[in-house]
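What follows is the residue order along each chain.
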Amino acid sequence: MGAAICSSLEVHTEGTLRTFRVLLVFCVLCRRTLEDQQGVKQISMTEALSRDDIHVAFICTENTSHEEHIRQFLEAGKHVCVEYPMTLSHTSAVDLWSLAQQKGLMLHEEHIELFTPDFKQLKKDIAGKTLEEGTLHFTGGSLKTNFGFPSFSGIARLTWLVDLFGELTVTAASLVEEKENKYMKMTAHFLTRQQKPLTWIEERGPGLGRAKHINFRFQDTTMTDLPPGQREPVGLFMQDLVLFGRKLQGEVSAAKLQEERSRILHCLQLADRIQQLSENTQA
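In this report, we go over the structure that sits alongside the text. Note that the coordinates shown come from a computational prediction; the quantities given were computed from them, not determined experimentally.

**Remarks on the overall build of the protein chain**
Moving on, step 1. Scanning the protein chain for helices and strands turns up nine helices and 10 strands.
Moving on, step 2. Within the protein chain, buried positions represent 47% of all 283 residues.
Moving on, step 3. For the protein chain, the exposed area adds up to about 14300 Å²; of that, 47% sits on carbon and sulfur atoms.

**Remarks on the pairing of strand β5 (residues 131-140)**
Moving on, step 1. Judged by how many residues are buried, β5 sits mostly within the fold: eight of 10 residues are covered.
Moving on, step 2. Examined bridge by bridge, β5 and strand β8 (residues 197-204) share seven bridges and lie parallel to one another. Paired with Thr 135 across the strands is Thr 199, a residue of β8.

**Re the pattern of salt bridges**
Where charged atoms from two side chains of opposite charge approach closely, those side chains can pair.
Moving on, step 1. Within this structure, the stated rule accounts for 15 salt bridges.
Moving on, step 2. With a shortest N-O distance of 3.1 Å, Arg 51 and Asp 53 are connected by a salt bridge.
Moving on, step 3. Taking the relative accessible area as the measure of exposure, Arg 51 reaches 25% and is therefore partly exposed.
Moving on, step 4. As a salt-bridge pair, Arg 217 and Glu 133 come within 3.2 Å of each other at their nearest N and O atoms. In this pair, Arg 217 is assigned in strand β9 (residues 211-218) and Glu 133 in strand β5, connecting sequence segments 84 residues apart.
Moving on, step 5. A relative accessible area of 35% means that Arg 217 is categorised as partly exposed.

**Quick notes on the nonpolar core**
Moving on, step 1. If you look at the biggest cluster of nonpolar residues, it comprises 57 residues, and the most contacted ones within it are Ile 70, Leu 107, Phe 165, Phe 190, Phe 216 and Ile 274.
Moving on, step 2. Setting aside anything within four residues of it in sequence, one finds Leu 107 in contact with Ile 70, Leu 74, Val 80, Met 86, Leu 96, Trp 97 and Ala 100.
Moving on, step 3. With eight residues, the next largest nonpolar core counts Cys 60, Met 106, Met 238 and Leu 241 among its residues.

**Here we look at the side chain of Glu 109**
Moving on, step 1. When you line up the elements, Glu 109 lands in strand β4 (residues 107-110).
Moving on, step 2. This buried residue, Glu 109, is left without a salt bridge; Arg 263 holds the nearest opposite charge, at 5.5 Å.
Moving on, step 3. A polar contact is formed between the side chain of Glu 109 and the backbone nitrogen of Met 86, at a distance of 2.5 Å.
Moving on, step 4. Within polar-contact distance, the side chain of Glu 109 engages the side chain of His 111 at 2.5 Å.
Moving on, step 5. Residues contacting Glu 109, with those up to four places away along its chain left out, are Val 82, Tyr 84, Pro 85, Met 86 and Ile 264.

**Quick notes on the environment of Ile 126**
Moving on, step 1. Turning to its location among the elements, Ile 126 is positioned in helix α5 (residues 117-126).
Moving on, step 2. Measuring from C-alpha to C-alpha, the distance between Ile 126 and Thr 221 comes to 9.7 Å, with 95 residues separating the pair along the chain.
Moving on, step 3. Those residues in contact with Ile 126 that lie beyond four places of it in its chain are Leu 164, Phe 165, Phe 218 and Met 223.

Conventions adopted
- Residues numbered from 1 in each chain as written.
- Predicted model: local features only at pLDDT ≥ 70, side-chain atom pairs only at ≥ 80, totals over all residues.
- Heavy atoms only, no water.
- Helix = DSSP H or I, 4+ residues; strand = E, 2+ residues; numbered from the N terminus.
- Buried < 20%, exposed > 50% of the residue type's maximum accessible area, 1.4 Å probe, protein only.
- Areas by Shrake-Rupley, 256 points an atom, 1.4 Å probe, with all protein chains shown as cover.
- Pairing = 2+ DSSP bridges.
- Salt bridge = Lys/Arg side-chain N within 4 Å of Asp/Glu carboxyl O.
- Core = buried A, V, L, I, M, F, W, Y, C linked by side-chain atoms within 4.5 Å.
- Contact = heavy atoms within 4.5 Å.
- Lys, Arg positive; Asp, Glu negative; His and termini not counted.
- Polar contact = N/O pair within 3.5 Å; in protein donor to acceptor, adjacent residues only side chain to side chain.

Printed below as a string of structure tokens:
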């Protein structure tokens, strides 16, 4: 994602993005050079950090570089919107959030998975139900380099589980890798606060279709298929972008901001623990 894409969003959804009319948005893109798009020129990192008319940075680089770029823009006095995962460790995320608060800046971690129709409908369907046990199994193509350990690169699935069932405790984790075949399978086991078991499986390899498989058993029913849900007229990234804009305008309460921050940090802490246990198991 680069400056050209952000420019297109502003042009084609001007009504939706009225919140952003006072902002000059810059998206970080370090891997390739972009041609001018709709009068928007690509600029260097140095220029983006130093220009007074740039107030917001969108960080869309490989996961391994998120932390460095977030820190640079926060130090330069810019608000930051970053793709998940914010960082590849819980400790560094806490440090970055503290830096943002010290400077009075907004640090927003994008989570489009919470805006998908199937997740919204699933959350409605299980409201008030008592979980007995559950499994979320994700499959997809081979994991690219520079995306971090699977518990971080796949943190969208972990976010689903935490948002649906509350804070979790990791009880065990393992990773099976066949590097020569570009295949991996990570399995993490949790307990909810009610001491109910949950399992998250992240499986990637050539030929594996991108899909989520669920098996959630409640006291009165079992769910094995994701509900279709209803599509919103606005796309997932735009829904998240509008939320970010509302934060910048002070339209999101301090309580909601703290709730989101706690969820994100909890997920990163779980990802850390999963990585530790998996690496110990491999050793």
